[in-house]
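Residue-level listing of the chains:
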Amino acid sequence: MHFKFAFLLYLTIQISMAQPQISYLALGDSYTIGESVSLQKSWPHLLMKDSQEHDFNIKNPKTIAKTGWRTDELISAIASENIADASYDLVSLLIGVNNQYQSIALEVYKEEFQELLNKAIHFSKHKTKGVFVVSIPDYSTTTFAKKSDKKNIREELNQYNAYAKQLCELYEIPFYDVTDLSSEINSEKEMLAEDDLHPSAKQYQKWVNHFIENFNKDFSHLKHE
């Protein structure tokens, strides 16, 4: 029995060593760090864990994100990190909700989002083949938003997401849309954190479940490079 266990452990270690470690940089705001949940329950960390079932060996994500950041603040934070080009295998980007919430002009978002996407491409060793974007979720259906006087949330977010998706299609970068999903499940109390605004760990898990099959296909080349 002990020999069998030791042999299985040996095989597991050998397989792990055979798989290249994938370095991962996650760029964003509160949705990326998982505001009101532990960092380990944020969607980048859940993706890292769940992708193991698809034979990915993603390292612990390096996260540059903070609650409340707009696109310009993320740009400034990245600049202070002095990241060299081609430093990471995989780079994700989810940003823009605070531009919308603070009524920053859409044209400003477009310009700065494109700058951020270009930075993400430069940071990846695989350029556009190592980058993906996650859409801004719809917070209009949260308890917090329903109690506020903020109008036209979904309509404005649709404009932001439409541009991000269009740019991703132009660059041939995967765009994982969680907006409709978030809109549908925000009415379930267990899908929101205690602040009634940000997703709970259960919702972040739903996001990952929603796009992990596409992720597996889009980035299968990283398992072998």
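Owing to the predicted nature of the structure, the values given are computational and were not obtained by experimental measurement. (Residues numbered from 1 in each chain as written. Predicted model: local features only at pLDDT ≥ 70, side-chain atom pairs only at ≥ 80, totals over all residues. Heavy atoms only, no water.)

We now examine the overall build of the protein chain. Each helix and strand in the protein chain was counted, giving ten helices and five strands. A principal-axis box enclosing the C-alpha atoms of the protein chain has dimensions of 65 × 40 × 30 Å. For the protein chain, with 225 residues in total, the buried portion stands at 49%. Restricting to contacts in the protein chain with at least 6 residues of sequence separation, those with at least 24 account for 78%. (Helix = DSSP H or I, 4+ residues; strand = E, 2+ residues; numbered from the N terminus. Buried < 20%, exposed > 50% of the residue type's maximum accessible area, 1.4 Å probe, protein only. Contact = heavy atoms within 4.5 Å.)

The next point concerns the packing of aromatic side chains. Tallied over the full model, the rule gives 16 aromatic pairs. Measuring from ring centre to ring centre gives 4.5 Å for Tyr-109 and Tyr-160, while their planes differ by 50°; the resulting arrangement is tilted. With Tyr-109 in helix α6 (residues 106–123) and Tyr-160 in helix α8 (residues 153–171), this residue pair connects regions lying 51 residues apart in the sequence. Its relative accessible area of 1% is what places Tyr-109 among the buried residues. By relative accessible area, which is 3% here, Tyr-160 ends up buried. Judged by centre distance (4.8 Å) and plane angle (10°), the ring pair of Tyr-176 and Phe-211 falls under stacked. Remark: Phe-211 occurs in helix α10 (residues 201–218) and Tyr-176 occurs in strand β5 (residues 175–176); sequence separation between them is 35 residues. (Phe/Tyr/Trp six-rings, centres within 6.5 Å; stacked < 30°, edge-to-face > 60°.)

Applying the stated criterion across every chain yields a total of ten salt bridges. One salt bridge connects Arg-70 with Asp-72, and the closest N-O pair in it is separated by 2.9 Å. With a relative accessible area of 27%, Asp-72 lands in the partly exposed category. Between Arg-70 and Glu-73 there is a salt bridge, with its nearest N and O atoms 3.7 Å apart. Through salt bridges with shared partners, a single ionic network connects Arg-70, Asp-72 and Glu-73. (Salt bridge = Lys/Arg side-chain N within 4 Å of Asp/Glu carboxyl O.)

What follows deals with the layout of surface pockets. Of the voids in this model, the largest pocket is the one considered here, and its volume is about 190 Å³. In this structure, the largest pocket is lined by Ser-30, Tyr-31, Thr-67, Gly-68, Val-97, Asn-98, Tyr-101, Tyr-139, Phe-144, Leu-197 and His-198. At the level of elements, α2 (30–33) and α5 (97–101) are the ones that each hand at least two residues to the lining of the largest pocket. In terms of residue count, the dominant contributor to the lining of the largest pocket is α5 (three residues). (1 Å grid on protein atoms, 1.4 Å probe; cavity = no way out; pocket = protein on both sides within 12 Å on 5 of 7 lines; lining within 4 Å. Points joined across faces, edges and corners; volume = space filled by probe spheres on them.)

A few words on the packing of helix α4 (residues 71–81) against α6. Running from amino to carboxyl end, α4 crosses α6 at an angle of 30°, the nearest separation of the two axes being 9 Å. Comparing the axis directions of α4 and α6 gives the class roughly parallel. Relative to α6, α4 is oriented so that their crossing is left-handed. Residues Thr-71, Asp-72, Leu-74, Ile-75 and Ile-78 of α4 form the contact with α6, whose participating residues are Tyr-109, Glu-112, Phe-113, Glu-115, Leu-116, Lys-119 and Phe-123. The residue makeup of the contact of α4 with α6, split by class, is seven nonpolar, one polar and four charged. (Axes fitted to C-alpha atoms, helices over the stretch in contact; angles between N-to-C directions. Parallel < 35°, antiparallel > 145°, perpendicular 65-115°, else oblique. Left-handed = near helix turned anticlockwise from the far one by under 90°. Nonpolar A, V, L, I, M, F, W, Y, C, P; charged D, E, K, R; others polar.)

The next subject is the nonpolar core. The biggest cluster of nonpolar side chains holds 64 residues, and the ones touching the most others in it are Trp-43, Phe-113, Leu-117, Phe-132 and Phe-215. Residue contacts for Trp-43: discarding those within four places in its chain leaves Tyr-24, Tyr-31, Thr-32, Ser-92, Leu-94, Phe-132, Val-134, Tyr-204, Trp-207, Val-208 and Phe-211. (Core = buried A, V, L, I, M, F, W, Y, C linked by side-chain atoms within 4.5 Å.)

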